[in-house]
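Spelled out from the first residue to the last, the chains are:
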Amino acid sequence: MVDLSGSGAVGTGLGQGSGSNNNAKKTKKSRTRRGKRGRRRRNKRNTRSNKTPPPYFPPEAEEGNIEYKLKLVNPTQYRFEHLATQLKWRLQEGRGEAVYQIGVEDNGLLVGLTEADMRASLRTLKRMAEKVGADITLLRERELDYDSDRSTRKIAEVLVRKVPDDQQFLDLRVAVLGNVDSGKSTLLGVLTQGELDNGRGRARLNLFRHLHEIQTGRTSSISFEILGFNSKGEVVNYSDSRTAEEICESSSKMITFIDLAGHHKYLKTTVFGLTSYCPNFAMLMVSANTGIAGTTREHLGLAMALKVPIFIVVSKVDLCSGSTVERTVRQLERVLKQPGCNKVPMVVSNPDDAVTAAQQFTQSTCVTPIFTLSSVSGENLDLLKVFLNILPPLSNSKEQEELMQQLTEFQVDEIFSVPDVGTVVGGTLYSGTCREGDRLVVGPTDQGRFLRLKVGSIQRNRSACRVLRAGQAATLALGNFDRSLLRKGMVLVSPKMNPTICCQFEAAIILLFHAKTFRRGSQVTVHVDNVRQTATVECLQGKEELRTGEHAVVRFRFIKHPEYLRLGAKLLFREGVTKGIGHITRLLPPLPQNQNQDQNLQEH
């Protein structure tokens, strides 16, 4: 009995255990199935969310050239006039360019439109653009499928650009940096001439200015090349045997490339190009087969020190395997992410990336687009063109207007003698406006004086221009003015400005690198805007000497002649491996402040 009951008990126990196990297995299976279904649903949602943009953009800003519109379907005449006026305002804010986001509410919610409503909205936007003398280009359309209960809807991003009018095209300057033999001049030749390179440097021949450049294939001077985009976003270059004047007339947007030298012995020329020509952006070229080599890091550091937004082009991908290109890109990403750079690299691999990169590049100083292309095969060359076409200006219309209200100040970067024209100076108008016949003063001379002169004709990109506005580069004809009285680093200013010159100045600096110590009596080459001159360190306030990474307020003294400087201007100095940056905090004029400036003006 006991044995039987024991057996029964054991049997019962076993039976209960078996039943429990079966139930546990069933429960476990059902949980597993539910878990798998849940994971599949989550994965599906994640996949869908990865394909679509977030449901919100940042709220629409009142200022700027970006406009959100939910829909533009069959507006009344009154509403249409209001929309056209609004478009004109956005174009003015973007200096001739505006971006319309269709299917987006003012608070940034991505609602989207049906196919029919989107087509109707784009037709209305085209009518609006025609009314204000502009064209539209559809940048991209995206489907919104984050809400599965609703039929597929789209949002569209449209670029609106003014048709060129009296040379008032949008002009952006791009400094081209990079180590020697990284393909800088070749890429510019391909972009501006419209023909691919033959692999032996044919595309760059038209860019060289000296015989030794053609013989060595290395740039030693600063040259300028132009690439235009018309109101429809199409490339305008020399491929149709156009002259520079015809390119300007056909373009709504002009990219002026400043081709700088890559070799270390021409570093002073490169620094002068970066400080004097006021580039809006910098394009750093890196050869895919050599990676970060030579002056690449130095050029990157210079652009960052001068706070010039930089994007990177990895060239010669046709010579390398995919793994080599990938290794070069990873090397660049590591350098950009270092504490000294703190950049966010963004590799551009398709047109959608190019549009996003162009917009984020100017909105955030951290984003650094990276392009990989070939000037021989043409691989990914179109992505760079899309990027340059959409790239907006850094300054808005309000900042531009404020600069134009100031007195005229033109920086002299180059001096020529042209037959039948006389003396010609090239440079950038920092502030104000300049017209033919304006009377200005130029200086300072070696004696610290300013000489009166009259502006003859004005040319921008080799074509005549009636009015020069702040921020624009041009050449001014000065007639029979004696060229020997002019030098690089001078300024043409309004006589009303009463320009102040200085032989000594103080600057708050940081020493980026020095092999030993930086102390009183050291001599360095100082770059401030278009000024380049050797200066002696007179004193360091509160310190006897400086080491790498240290800050100080330093007094400099020019050793040759006085210069015209502005308070707050960025300063860069170098001597051998010594490098430092800073800004001017105080000017020390050589003459008493109360002396009548008219004594320094001489009639020429």
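Residues numbered from 1 in each chain as written. Predicted model: local features only at pLDDT ≥ 70, side-chain atom pairs only at ≥ 80, totals over all residues. Heavy atoms only, no water.

In plain terms, the rule: UniProt positions are given in the numbering used here, feature names are shortened, and annotations may be inferred rather than shown by experiment.
In the nomenclature of an unreviewed UniProt entry, the protein chain is known as GTP binding protein 2b of Takifugu rubripes. A UniProt comment under Sequence similarities (unreviewed entry) is attached to the protein chain, and it reads "Belongs to the TRAFAC class translation factor GTPase superfamily. Classic translation factor GTPase family. EF-Tu/EF-1A subfamily."

### Regarding the pattern of salt bridges
The criterion, for reference: Take a side-chain nitrogen of Lys or Arg and a carboxyl oxygen of Asp or Glu: if they are within 4 Å of each other, that pair is a salt bridge. Numbering of helices and strands runs from the N terminus; a helix is a DSSP stretch of H or I covering at least four residues, while a strand is a stretch of E covering at least two. For every residue, the accessible area (1.4 Å probe, protein chains only) is compared with the maximum for its type, and the residue is labelled buried under 20%, exposed over 50%, or partly exposed between those bounds.
Inspection of the entire model under this criterion finds 24 salt bridges. For the salt bridge of Lys-253 with Glu-97, the shortest nitrogen-to-oxygen distance reads 3.5 Å. Of this pair, Lys-253 sits in strand E8 (residues 253–259) while Glu-97 sits in strand E2 (residues 97–102); the two residues are 156 residues apart in sequence, bridging distant segments of the chain. In this pair, the class of Lys-253 matches that of Glu-97, namely buried. Between Arg-566 and Glu-409 there is a salt bridge, and its shortest N-O distance comes to 3.3 Å. Separated by 157 residues along the polypeptide, Arg-566 in the loop between strand E30 (563–564) and strand E31 (570–575) and Glu-409 in strand E13 (residues 409–418) bring together distant segments of the chain. Glu-409 shares its class with Arg-566; the two are buried. Several salt bridges share partner residues, and in doing so they unite Glu-115, Arg-119, Glu-141 and Lys-154 into one network.

### Let's talk about the environment of Asp-352
Mapped onto the elements of the fold, Asp-352 is located in helix H10 (residues 351–363). With 35 residues separating them along the chain, Asp-352 and Phe-387 place their C-alpha atoms 9.9 Å apart.

### So, the pairing of strand E5 (residues 170–178)
As a reminder, the rule being used: We treat two strands as partners when DSSP finds at least two bridges between them.
By the criterion of burial, E5 is predominantly enclosed, with 9 of the 9 residues buried. Of the two faces of E5, both are covered, the one formed by Leu-170, Leu-172, Val-174, Val-176 and Gly-178 as well as the one formed by Asp-171, Arg-173, Ala-175 and Leu-177. Of the strand pairs in this sheet, E5 and E8 are connected by 7 bridges, and their pairing is parallel. Paired with Ala-175 across the two strands is Ile-258, which belongs to E8. In the sheet, E5 pairs with strand E9 (residues 281–287) via 5 bridges, with the strands oriented parallel. Note that in E9 the partner of Val-174 across the bridge is Phe-281.

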